Amino acid sequence: MFDAMIAATAAAADVQVEAATVGGIAGFWLRPANARADAHMLYIHGGGYVLGSAEAFLHFAGQIAARVGANAFVPEYRLAPEHPFPAAIDDVVAAYRGLVAEGAERIVVVGDSAGGGLTLSLLSILASDNTKGTVLPAGAAVMSPWTDLALTGESFETRAEADPIFTRGVLQGFADMYLQGEDPTNPRASPLHADLEGLPPVRIDVGDNEVLLADSVRYAGRARAAGVEIALSVWEGMPHVFQSSLGQFVAAEQSVNAISDFLRQRLVAPADNVVLSNPLKGA
């Protein structure tokens, strides 16, 4: 049912789909007719770490890829409970490194919900990498990211009546299936608790009517304090990942266009995404 709902997003015109494997992770390439050769996007789908598939999100990811003008890879990362933490983040890191190994130098990362959490965890993992020549993303955009699997945000109370999709109990069930006893504040699972220093520019779009609102607001505050260039857009009256309702909500079109503009600008900005070395990291 979840896949069918997401797959109902209208497909963008002139986007070719190719099954592929990148970094040892199966998935799909989305190749818009207007894609620039040097522009790449990694799209990480949501589903609470237990639902969803790369194939179901192809139309939605394709809408963003076409607007950005970038070839996009959507990885089929492993899901819980069969594959608990850290399987999902390990697969996402492998897919990103696979893009770099294939020669990609200008990469933006996009994710929604749990995929937004994975996106932000990926950024911190890459920023802490001391390997010479590490290629960092040029930027990232996340929609309604789940940043705190400990579920400590105040919006679980303040938005409990407004959220038409999630309750604390539902999200606790997802977190339990994914973590299976691991610490919910582990930064690889909950990027709110990660080191945010050195991250590339990030855009966060979130609905005002969702229990995960505080996950975005708190992350943005911590990132800003760490010196990250960050933009937070809170959309009045909107639910979780409302952007997938293109053609139904005016706000969905506005948000997707704003996200795409942000990513496109990052891809054409002067190259500043290669870390030659960072000998002080961890000192």
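Below is a short write-up of the structure. Just so you know, these numbers come straight off a predicted model, no measurement behind them. In every chain, residue numbers begin from 1 and rise along the written sequence. In keeping with the model being predicted, local features are shown solely for residues with a pLDDT of at least 70 and side-chain atom pairs are shown and tallied solely at 80 or more, while totals for entire chains, interfaces and linings include all residues. The side-chain figures draw on all heavy atoms in the structure; neither hydrogens nor water molecules are used.

1. Some details on the pattern of salt bridges
Okay, so step 1: Salt bridge, as used here, is a side-chain nitrogen of Lys or Arg placed within 4 Å of a carboxyl oxygen of Asp or Glu. Using the criterion set out here, one finds eleven salt bridges in the structure.
Okay, so step 2: Across the pair Arg31 and Glu18 runs a salt bridge, and its minimum N-O distance is 3.1 Å. One end of the pair, Arg31, is in strand E2 (residues 25–32); the other, Glu18, is in strand E1 (residues 15–22), with 13 residues separating them in the sequence.
Okay, so step 3: The exposure class assigned to Arg31 is partly exposed, which follows from its relative accessible area of 27%.
Okay, so step 4: For the exposure calls, accessible area comes from a 1.4 Å probe over protein chains only, and a residue counts as buried if that area is under 20% of its type's maximum, exposed if over 50%, partly exposed in between. Residue classification places Glu18 among the partly exposed positions, given a relative accessible area of 32%.
Okay, so step 5: The salt bridge involving Arg168 is made with Glu157; its shortest N-O contact spans 2.8 Å. Here Arg168, found in helix H6 (residues 168–179), pairs with Glu157, found in helix H5 (residues 155–158); they are eleven residues apart in sequence, far enough to count as distant. Runs of H or I in DSSP of at least four residues are treated as helices and runs of E of at least two as strands, each being numbered from the N terminus.

2. Focus on unusual backbone geometry
Okay, so step 1: Of note, the bond from Ala80 into Pro81 is cis; its omega dihedral lies within 30 degrees of zero at 5°.
Okay, so step 2: The residue after Phe85, namely Pro86, is reached through a cis peptide bond having omega 10°.
Okay, so step 3: As for its placement among the helices and strands, Pro86 is situated in the loop between strand E4 (71–75) and helix H3 (87–101).
Okay, so step 4: Positive phi values are uncommon outside glycine, yet Asp14 reaches one of about 60°.
Okay, so step 5: Mapping Asp14 onto the fold places it in the loop between helix H1 (2–7) and E1.
Okay, so step 6: Overall, the relative accessible area of 60% leaves Asp14 in the exposed class.

3. Description of the pairing of strand E7 (residues 139–143)
Okay, so step 1: A large share of E7 lies buried, amounting to five of its five residues.
Okay, so step 2: Of the two faces of E7, the one holding Gly139, Ala141 and Met143 and the one holding Ala140 and Val142 are both buried throughout.
Okay, so step 3: Relative to strand E8 (residues 202–207), E7 runs parallel, the two sharing four bridges. Bridge pairing in E8 places Met143 opposite Asp205. When DSSP finds two or more bridges between two strands, those strands count as paired.

4. Quick look at the sheet that holds E2
Okay, so step 1: If you trace the eight strands from one edge of the open sheet to the other, you get E1-E2-E4-E3-E5-E7-E8-E9, paired in mixed fashion. Because the sheet does not close on itself, it has two edges, and the strands there are E1 and strand E9 (230–235). Across the sheet, the mean angle from the axis of one strand to that of its neighbour is 20°, orientation sign disregarded.
Okay, so step 2: Pairing of strand E3 (residues 40–44) with E4 involves three bridges; the strand directions are parallel. Opposite His40, over in E4, you have Asn71 as the bridge partner. Think of each axis as a best-fit line through the C-alpha atoms, taken over the contacting stretch in the case of a helix, with angles from 0 to 180 degrees between the N-to-C directions.

In short, the description is geometric, and any link to function would need to be established separately.
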